[in-house]
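# Notes for the structure review
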Amino acid sequence: MRRAAPRRRRALPVGPGVHGAAMAELTDAELRKELIALGYRPGPITATTRKVYAKKLACLQAEAAEPRRRGQAAPPSPGRGSARPQQASPSRQRSSFIPPAGAARDTPKQQADGKSRGLEYYLSQFLCLASFVLFMIFLGILMVKMIGSGWLDRREENFNLLPVDCDKRTDDFCQAKQKDVLMNVLHELYNYLSVQAGNFECGNPENLKSKCIWVSEAKDHVVNVTGSSPQKFESALHWILNSNKDLGIQLKGRDPSGAVRSVDDVFCLESAHPQMGLGCRFRRAVVTAIMNLFLFFWSLITLWGILLFLRYRWRKMEEEEQAMYEMVKKIIAVVHDHYKEWERNLERYPYVGIFHVRDSLIPPQSRKKMKRVWERAVDFLASNESRIQTESHRVAGEDMLVWRWTQPSYVSDSEH
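Another aspect to go through is the sheet that holds strand E2 (residues 249-252). What the three strands build is an open sheet, ordered E1-E3-E2; its pairing is antiparallel. Looking along the sheet, the strands with just one partner apiece sit at the ends: strand E1 (213-214) and E2. Here E2 pairs with strand E3 (residues 268-271) via four bridges, running antiparallel. The partner of Leu 251 across the bridge, within E3, is Leu 269.

The next point concerns the sheet that holds strand E5 (residues 388-395). Backbone hydrogen bonds are what pair the strands of a sheet, in a parallel or an antiparallel way. Across the sheet, which stays open at both edges, the three strands sit in the order E4-E6-E5 with antiparallel pairing between neighbours. At either end of the open sheet lies a strand with only one pairing partner, and these are strand E4 (351-353) and E5. Neighbour-to-neighbour, the strand axes of this sheet turn through a mean angle of 40 degrees, independent of strand direction. Where E4 meets strand E6 (residues 398-405), three bridges bridge the pair, whose relative direction is antiparallel. Residue Tyr 351 lies in a different strand from E6, and its bridge partner there is Arg 404. Together, E4, E5 and E6 form the strand contacts of helix H10 (residues 278-343), whose direction differs from that of E6 by roughly 90 degrees. Relative to the sheet, helix H11 (residues 354-361) contacts E4, E5 and E6, its axis offset from that of E4 by approximately 70 degrees.

Next up on the list: H10. In this model, H10 (66 residues) spans 97 Å end to end at C-alpha, consistent with the 98 Å of a helix rising 1.5 Å per residue. Of the residues making up H10, those classed as buried are Cys 280, Arg 281, Ala 285, Glu 320, Met 324, Met 327, Val 328, Ile 331, Ile 332, Val 335, His 338 and Tyr 339. Downstream of H10 by one or two residues, Asn 345 has phi in the positive range, about 60 degrees.

Okay, helix H2 (residues 28-37) next. Among the residues making up H2, those that are buried are Glu 30, Leu 31, Glu 34 and Leu 35. What you see down the axis of H2 is that its buried residues fit within an arc of 135 degrees, all on one side. Trailing H2 by a residue or two, Gly 39 shows a phi angle of about 90 degrees, which is positive.

This part is about the nonpolar core. The biggest cluster of nonpolar side chains holds 21 residues, and the ones touching the most others in it are Leu 189, Phe 233 and Leu 269. Per-element accounting of this core gives the leading share, seven residues, to helix H7 (residues 172-201). Beyond its immediate stretch of four places on either side in the chain, Phe 233 contacts Val 185, Leu 189, Val 215, Ala 218, Lys 219, Val 222 and Leu 269. By size, the runner-up hydrophobic cluster in this structure holds 18 residues, among which are Val 328, Tyr 339, Val 373 and Trp 374.

With respect to the element layout, His 393 can be found in strand E5. On the basis of relative accessible area, His 393 is assigned to the partly exposed category, the value being 21%. With 40 residues separating them in the primary sequence, His 393 and Gly 353 have C-alpha atoms 9.0 Å apart. Polar contacts involving the side chain of His 393 include one to the side chain of Glu 391, which spans 2.7 Å.

Thresholds applied
- Position numbers for residues start from 1 in each chain and track the written sequence from start to end.
- It should be noted that, the model being predicted, local features are given only for residues of pLDDT at least 70 and side-chain atom pairs only at 80 or more, the latter also being counted only at that level, while totals for whole chains, interfaces and linings use all residues.
- The side-chain figures draw on all heavy atoms in the structure; neither hydrogens nor water molecules are used.
- By this definition, two strands are paired if DSSP reports at least two bridges between them.
- In this description a helix means any DSSP run of H or I spanning at least four residues, a strand means any run of E spanning at least two, and both kinds are numbered starting from the N terminus.
- To get an axis, a line is fitted to the C-alpha atoms, and for a helix only the part in contact is used. The angle between two axes follows their N-to-C directions and goes from 0 to 180 degrees.
- Here, residues are in contact when the closest pair of their heavy atoms is within 4.5 Å.
- Take the number of residues in a helix, subtract one, and multiply by 1.5 Å to get its expected span.
- Only protein chains enter the area calculation, which uses a 1.4 Å probe; residues under 20% of their type maximum are buried, those over 50% are exposed, and those in between are partly exposed.
- Directions pointing from the helix axis toward each C-beta atom define the arc.
- We call a set of buried Ala, Val, Leu, Ile, Met, Phe, Trp, Tyr and Cys residues a nonpolar core when their side-chain atoms join them within 4.5 Å.
- Polar contacts, as counted here, are pairs of nitrogen or oxygen atoms within 3.5 Å of one another; within protein the pair requires one atom able to donate a hydrogen and one able to accept it, and residues that are adjacent in sequence qualify only if both atoms are side-chain atoms.

In structure tokens:
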């Protein structure tokens, strides 16, 4: 039996407008093979999509023919005989066609990653800036605490405002000399007292008893350093005593609380502005800040404790009030049931003892704990419950408080 010769595939013309009879003669399978050979993977080819894929094939063939027009070697038409030797060309076309789609798919993800990284960068910069600002504020507080006020300039201005006594001499040279001597005495006295006070505040390495330095000790130091006479030292004390300016030197008598009115009453001298080193000021500032924080947190904890105690107390009061209302309901039920049983001749008396009701409702081990609840329930019934009357009857030879249920009358006086 002779086998039928295989149908030979026609080579399509390559051009930008191939939509005619040559394209129409291709079967669906041949159209799919042509598209795959040019690097395009089509979907299902039906009567509806055939025209679309035919146009796509024409466009691909036109793109493949473009290098030939420019004088470059272009892959031949995808026929049966020449398709196999040129398999590398479609693969190169396929490799050049697919990556742009993948790159297009990765573009939104890369944009999202870029936005998230930008947000993290700005957030980190903001946190760093906030930390730096807080650190600078902390350093500013410490510097204000450590440096204090500019005492030296103000002290010198106050010293310059002091009047000068030149032993009743009015010549300019004498007044200038006396002013220099007095300024030297005051400066040296101020520096000596401020240094001693600073040492006392910063560990007291000289084992001073107090910041107040005796007059004799301060006078000996100033006289030895400045070379002036003791009378000049007393004159400086006199001007400090009579001056209204704040010179930073405090004159104290034997009684620290008493006022000093003359130089003879001065017992010791104390600096109002201790001179401390940077480390000592930093340590004192840190200690002061820690103490303030401790006091703040201690006050905060105390307030929280008071609030928690009040909330606990209010909750206990609410629970006690609820227990009181529950006890009132139970008492009303017991008294009413006793009255019903008396009506059916099951009880001898229409009333029931108060303590008998208590003993029947509260077990012995809980009576001490429920004492306040019981007393509040009894008071509530006496003042707010009209159906129960509190009476006193003699039972078994003893007077006893009892409760009697009062049946409301359903018949009016007019009907009687």
